[in-house]
Amino acid sequence: MAWGLTPAGLVLLAGSVAYGLTRYETVTVAGDSMRPGFPSGTQVRVEPIGSGAIRRGDVVLMDPPEPYMKEPVLRRVIGIGGDHVTGSGSRVTVNGKTLDEPYVAETQGDPHAEPYDVRVPPGRLFVLGDYRANSNDSRYHLDAHAGSFAAAGVRGRVAEDATVPTGPAMFAVLGLVLTAAGLGGYAAGRLSRRRGHPLGGGHRDSGPCTVRRCRAGERSVSGRPCGSG
């Protein structure tokens, strides 16, 4: 019975690992453009997301336009298709409302960045880095598609919670427990059989083994006359 727990535990454990591998991608941040929230060397979990599910404020892993950058980058979505985005210095507005950006590094922005006033084309995103003083983002590509990047180039969104999701984590722990219980029960059974004490509460007669001489006319346990061999 205990041995049967092991396959169940392994199935749960393997399923949890497979879920994590297929659902999330782990990437390491390179560069300073997303400081202070995502400093260089930080590992983040990225979950797949369709272009229609992207929200303002999301931090996304995306493929930038090849003429400018060749590697995928992390950037924050400021505007989506149809939004009116303006910026000057550290102030950014979307559809006439000034953004409250507590995630932005304390800086006045890049003094070399020109003010912008754009309308984001459909199917595209206006993105900025959190460290505005050192980020290659939409501000520097205004001559093409109003600086926007294609929403189809988004590989995924950085998960808000850096921890493993509760459900898969619980199944993984349960899988480990069942596997350990099954292996432990199997090992205990093997050890008990070696010592001659079967499991299940049974026991062998541990009393001394004796030999009694037969009297005349008695029969042995085998049914043969005593002394007949």
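Right above here is the structure, for reference.
Heads up: these notes are all about the structure in this document. (Residues numbered from 1 in each chain as written. Predicted model: local features only at pLDDT ≥ 70, side-chain atom pairs only at ≥ 80, totals over all residues. Heavy atoms only, no water.)

## Regarding the sheet that holds strand 10 (residues 149–150)
The strands making up a sheet are joined through hydrogen bonds of the backbone, oriented either antiparallel or parallel. Note the threshold: In this description, strands pair whenever DSSP reports at least two bridges between them. Runs of H or I in DSSP of at least four residues are treated as helices and runs of E of at least two as strands, each being numbered from the N terminus.
The strand order across the open sheet built from seven strands is 1-2-11-3-4-9-10, with neighbouring strands paired in antiparallel fashion. In this open sheet, the two edge strands, each paired with only one partner strand, are strand 1 (25–28) and strand 10. Where strand 3 (residues 59–62) and strand 4 (residues 73–79) come together, four bridges link them in antiparallel fashion. Counted as the bridge partner of Val59 is Arg76 from strand 4.

## Description of the nonpolar core
Keep this limit in mind: Grouping buried Ala, Val, Leu, Ile, Met, Phe, Trp, Tyr and Cys residues that are joined through side-chain atoms within 4.5 Å yields what is termed a nonpolar core. Between buried and exposed lies partly exposed: a residue is buried under 20% and exposed over 50% of the maximum accessible area for its type, with that area taken using a 1.4 Å probe on protein chains only. Any two residues having at least one pair of non-hydrogen atoms within 4.5 Å are treated as being in contact.
By size, the foremost hydrophobic cluster in this structure holds 12 residues: Ile49, Ile54, Val60, Met62, Met69, Val73, Val77, Leu125, Val127, Phe149, Ala151 and Val154. Elements that contribute at least two residues to this core include exactly strand 3, strand 4 and strand 9 (124–128). Excluding residues within four positions of it along the chain, Val127 makes contact with Met62, Arg75, Arg76, Val77, Ile78, Asp137, Ser138 and Phe149.

## Structural notes on the side chain of Arg157
Spelled out, the test is: Under this definition, polar contacts are N or O atom pairs within 3.5 Å; protein pairs additionally need one hydrogen-donor-capable and one acceptor-capable atom, and for neighbouring residues in sequence, both atoms have to be side-chain atoms.
Considering the arrangement of structural elements, one finds Arg157 in strand 11 (residues 154–158). Arg157 sits in the buried class, given a relative accessible area of 14%. A polar contact is formed between the side chain of Arg157 and the side chain of Asp58, at a distance of 3.1 Å.

## Some remarks on unusual backbone geometry
The residue after Arg35, namely Pro36, is reached through a cis peptide bond having omega 5 degrees. Relative to the helices and strands, Pro36 is located in the loop between strand 1 and strand 2 (43–47). Located in the positive-phi region is Asn95, a residue other than glycine, with phi close to 55 degrees. Within the secondary structure, Asn95 is located in the loop between strand 6 (91–94) and strand 7 (97–98).

## Some thoughts on the environment of Arg76
On the secondary structure map, Arg76 appears in strand 4. Under the relative-accessibility criterion, Arg76 is labelled buried at 8%. In contact with Arg76, other than residues within four places in its own chain, are Met34, Phe38, Gly57, Asp58, Val59, Tyr103, Phe126, Val127, Leu128 and Asp130. Within the local environment of Arg76, its side chain forms a polar contact with the side chain of Asp130, the two groups lying 2.8 Å apart.

## Notes on the sheet that holds strand 5 (residues 84–88)
In spatial order, the strands read 7-6-5-8; together these four strands make up an open sheet with antiparallel pairing. Where the open sheet ends on each side, the last strands, each with one partner, are strand 7 and strand 8 (116–119). Relative to strand 6, strand 5 runs antiparallel, the two sharing four bridges. From the neighbouring strand, Thr86 faces strand 6, where its bridge partner is Thr93.

## Digging into the side chain of Ser33
Assignment of secondary structure puts Ser33 in the loop between strand 1 and strand 2. Owing to a relative accessible area of 13%, Ser33 belongs among the buried residues under this scheme. In terms of polar contacts, Ser33 uses its side chain to reach the side chain of Arg75, at 2.9 Å. The residues contacting Ser33, other than those within four sequence positions of it, are Leu74, Arg75, Gly129, Asp130, Tyr131, Asn134 and Ser135.

## Notes on the packing of aromatic side chains
Put simply, the rule reads: Note on aromatic pairs: the rings of Phe, Tyr and Trp (six-membered ring only in Trp) are paired at centre separations within 6.5 Å, and the planes decide the class, stacked below 30 degrees, edge-to-face beyond 60, tilted for the rest. The rule for a charge over a ring is simple: NZ of Lys or CZ of Arg within 6 Å of the ring centre, and within 35 degrees of the ring normal.
Counted by the stated rule, this structure contains one aromatic pair. For the ring pair Tyr116 and Phe126, a centre distance of 5.2 Å and an interplane angle of 35 degrees mean the geometry is tilted. A residue pair is termed long-range when its members are at least 10 positions apart, and Tyr116 in strand 8 and Phe126 in strand 9 qualify at 10 residues. One cation-aromatic arrangement involves Arg35 over Tyr131; the distance from NZ or CZ to the ring centre is 4.7 Å. Just above the ring of Tyr103 sits the side chain of Arg76; from NZ or CZ to the centre is 3.6 Å.

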